[in-house]
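# Residue-level structure breakdown
Chain by chain, the residues run as shown.
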Amino acid sequence: MSDFFGELYLRSTLPYLSEAVTAREGEYLSRAFADVEGPVVDLGCGHGRHAARLNAEGALAGRVVGLELDPLSLRLRRPGFPAVRGDLRALPFQDASLGGAYAWYSTLFAFSDAEHVQVLREVARVLRPGGRLVFQTVPYERLAGSPGASFRERLPDGSLLEEESRFDATRGRDVGQRQLTLPDGRVLRAAYALRYYPLAELERLLESTGFSVEWVHGGLDSGPMTPESTDLIVGAGRG
């Protein structure tokens, strides 16, 4: 999905990522890693909205490094934190060299099931014993209850964003296509497929790759999962 996580993704998501939302997510992550020592990597850091903020102040100040595969995102990233180009499936870090890792917006689950095992094993490899992985995704049950989605909106710069997706509950995959028509007439278009696991299956996946689930939250307020939860945020410890 390299054609999706590039200019199309940047241009179509940045208008929706407000500083207020980023601040709330950053506060959650700061709390989540307050008791973790050592460097913490932002897996799929994109343009660095979390990493830049966290590396500047608070519990993670001076300890955050970004990892991103897309070269455009790295070129356009916010200043204030170091970053490396790399693939989630082959992390460019030494064994047991990091204290923590986090990923937002289902970043870890954009591959095949076998590759998800590989990704989590790689994260486990680079974390120290007692290290922590935190990630955010969407609850499987929420998508299963509303499997079809379509979207059409004009962005502030005049671009037209159009998207359609369909969630296959049997396979646990949300498959869609996004198109962005720029003001100059250029069209960016790409398909995507994201994997969403039922919680019990996700817990088994984590346990099989060297993690133990420490918490499951249904939102940034650290409350429990409920049928109304829009988020699934998991904290998992490295054994």
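Note that the structure is a prediction, hence the values are computed from the model and not measured. (Residues numbered from 1 in each chain as written. Predicted model: local features only at pLDDT ≥ 70, side-chain atom pairs only at ≥ 80, totals over all residues. Heavy atoms only, no water.)

### Things to note about the UniProt feature "domain: Methyltransferase" (unreviewed entry) in the protein
Here the UniProt feature "domain: Methyltransferase" (unreviewed entry) sits at residues 40–131. Here residues 40–131 is 29% helix and 25% strand, with 9 Å between the C-alpha atoms at its ends. (UniProt positions renumbered as here; feature names shortened; annotations may be inferred. Helix = DSSP H or I, 4+ residues; strand = E, 2+ residues; numbered from the N terminus.)

### Some thoughts on the sheet that holds strand β9 (residues 187–195)
Read across the open sheet, the 4 strands follow the order β6-β7-β8-β9; overall the sheet is antiparallel. Where the open sheet ends on each side, the last strands, each with one partner, are β6 (148–154) and β9. Ignoring strand direction, the axes of neighbouring strands in this sheet form an average angle of 10°. Looking at chain direction, strand β7 (residues 160–168) and strand β8 (residues 173–181) are connected through 9 bridges and run antiparallel. Each bridged residue has a counterpart across the sheet, and for Glu164 the counterpart in β8 is Gln177. (Pairing = 2+ DSSP bridges. Axes fitted to C-alpha atoms, helices over the stretch in contact; angles between N-to-C directions.)

### Regarding the environment of Pro183
Looking at the secondary structure, you find Pro183 in the loop between β8 and β9. For Pro183, a relative accessible area of 59% gives the class exposed. Expressed as a C-alpha distance, the spacing of Pro183 and Asp157, which sit 26 residues apart in the sequence, is 7.5 Å. Here Pro183 is in contact with Asp157, Gly158 and Ser159, once residues within four sequence places are set aside. (Buried < 20%, exposed > 50% of the residue type's maximum accessible area, 1.4 Å probe, protein only. Contact = heavy atoms within 4.5 Å.)

### A look at the sheet that holds strand β5 (residues 127–137)
What the 7 strands build is an open sheet, ordered β3-β2-β1-β4-β5-β11-β10; its pairing is mixed. Either end of the sheet is taken by a strand with one partner, and the two such strands are β3 (83–85) and β10 (211–217). Neighbouring strand axes in the sheet, compared pairwise and without regard to direction, differ in orientation by 20° on average. Two strands pair when backbone bridges link them, and β5 and strand β11 (residues 232–238) are joined in this way by 6 bridges, in the antiparallel orientation. Counted as the bridge partner of Phe135 is Val234 from β11. Those strands touched by helix α7 (residues 199–208) are β5, β10 and β11, and its axis lies near 150° from that of β10.

### Here's the deal with the pattern of salt bridges
With the rule as written, the count across this model stands at 16 salt bridges. Between Glu25 and Arg49 there is a salt bridge, and its shortest N-O distance comes to 2.8 Å. Placement of the pair is Glu25 in helix α2 (residues 19–32) and Arg49 in helix α3 (residues 49–56), with a sequence separation of 24 residues. The buried category is assigned to Glu25, whose relative accessible area is 5%. (Salt bridge = Lys/Arg side-chain N within 4 Å of Asp/Glu carboxyl O.)

### So, α7
If you check which residues of α7 are buried, you get Leu202, Leu205 and Leu206. Down the axis of α7, the smallest arc covering the buried residues is 95°, so these residues share one side. In α7, the exposed residues that point more than 90 degrees away from the buried face are Arg204 and Glu207. Along its buried surface, α7 packs onto α5 (113–126), β5, β10 and β11. At the exit of α7 stands Gly210, carrying a positive phi of roughly 105°. (Arc of directions from axis to C-beta.)

### Overview of unusual backbone geometry
Among all residues save glycine, negative phi is the norm, and among peptide bonds the norm is trans. For Tyr105, which is not a glycine, the phi torsion comes out positive at approximately 60°. Tracing the sequence through the fold places Tyr105 in the loop between β4 (98–103) and α5. Judged by relative accessible area, which is 34%, Tyr105 ranks as partly exposed. Positive phi is not limited to glycine here, since Ser222 has a value of about 65°. Structurally, Ser222 can be placed in the loop between β10 and β11.

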